[in-house]
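Here's the letter readout for the chains.
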Amino acid sequence: MKTLLNRVLVTLLVLSLLLSAAPQLFGTLALAAEEGSDEVYKDMKIGVMSDLHFQVAQGTAEKTVPAMLEQFKADNVSVVMITGDIGYACEEAEYEKFWTAWNTVFPDEETAPELFVISGNHEYDRVVFGKEELQVAQERFMNVFGLDEMNQHTVVNGYHFIGINSEDETTDGKYTEVTTSWLKAQLDAAVADNPNLPIFVTAHQTLANTTYGSEWGSKKTAALYEVLKDYPQVVYFAGHSHYASESERSIFQEFFTCVDVTSLNYMSLEDGNHGY
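Remember, predicted model here, so these are calculated numbers, not experimental data.

Caption draft 1: Here's a closer look at the nonpolar core. Membership of the largest hydrophobic core comes to 32 residues, with the highest contact counts inside it found for Met49, Leu52, Val65, Leu69, Ile86, Phe98 and Phe145. Taken together, the elements giving at least two residues each to this core come down to helix H2 (61-74), strand S3 (79-82), helix H3 (92-105) and helix H5 (134-145). When near neighbours in sequence (up to four residues on either side) are disregarded, Phe98 contacts Met49, Leu52, Phe54, Ile82, Ile86, Leu115 and Phe145. With 20 residues, the next largest nonpolar core counts Val201, Leu207, Tyr225 and Tyr231 among its residues.

Caption draft 2: Spotlight on the sheet that holds strand S8 (residues 234-238). Reading across from one edge, S5-S6-S7-S8-S10-S9 is the order of the 6 strands in this open sheet, with mixed pairing throughout. Edge positions in the open sheet fall to strand S5 (152-156) and strand S9 (251-253), since each of these has one partner strand only. Neighbouring strand axes in the sheet, compared pairwise and without regard to direction, differ in orientation by 20 degrees on average. As paired strands, strand S6 (residues 159-163) and strand S7 (residues 199-202) are joined by 4 bridges and run parallel to one another.

Caption draft 3: Layout of H5. If you check H5, its first and last C-alpha atoms are 17 Å apart, about what 12 residues at 1.5 Å a residue would give, namely 16 Å. For H5, the set of buried residues is Leu134, Ala137, Gln138, Arg140, Phe141, Met142, Val144 and Phe145. Where H5 is buried, its residues contact H3, strand S4 (114-117) and helix H4 (125-128). Gly146 occupies a position one or two residues after H5 and carries a positive phi of about 65 degrees.

Parameters at a glance
Residues numbered from 1 in each chain as written. Predicted model: local features only at pLDDT ≥ 70, side-chain atom pairs only at ≥ 80, totals over all residues. Heavy atoms only, no water. Core = buried A, V, L, I, M, F, W, Y, C linked by side-chain atoms within 4.5 Å. Buried < 20%, exposed > 50% of the residue type's maximum accessible area, 1.4 Å probe, protein only. Helix = DSSP H or I, 4+ residues; strand = E, 2+ residues; numbered from the N terminus. Contact = heavy atoms within 4.5 Å. Pairing = 2+ DSSP bridges. Axes fitted to C-alpha atoms, helices over the stretch in contact; angles between N-to-C directions. Expected span 1.5 Å × (residues − 1).

As structure tokens, then:
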């Protein structure tokens, strides 16, 4: 277990250096074989971002998201992971703005990176305000991003990516045995495939008492933690808190590794204010 954790930490140190160089943009995670290791890994770069908050009206995301995607393109990432809250009010026009940015930067579908995206609480704003049913919002999200199911498990260059979505519209999420049983099955499959590779897991909400800002919005994720703690290969990415990623506390490692992903729209501060 210690060897696995150390190997994951080495790769994340690359990420932390990139965070320092670009404080408002999340960065790229570069993976390669550990020097002196007999294991042969395929080189891999992953771009991660969260809480884009495209709005119907002109907003910050129109500047930050294309800039981030251009950086990912320059870094030649294989995967772009978005940990939720692509939109702000669950409107079709917001998702159209995302696809406009994506298709402008990656016009060739054949050479574009894999897009791995999950929903955040803002994907259900219309449900919260009584404008539609939960199923309608979920079907919209799947249609917009070409998904067959909300929860996802895909493999890119041998690396497993597992995406978990809240079972309802509540801000802090809902994760029952339905989700945790599915998650454990996916993790077991990934370990069976290769027990030595990192497994990338994402949900929108943070896990309590882990990364910087994880005290916010993590009241209902304890069940996820109880599953993940048995898999030291896991690197868990979450957004939602909007806390700054350049803090060294944004990477936490105990039984597995947690990484906080800041917002591309605004950052939350400890005094309750927001920084833009």
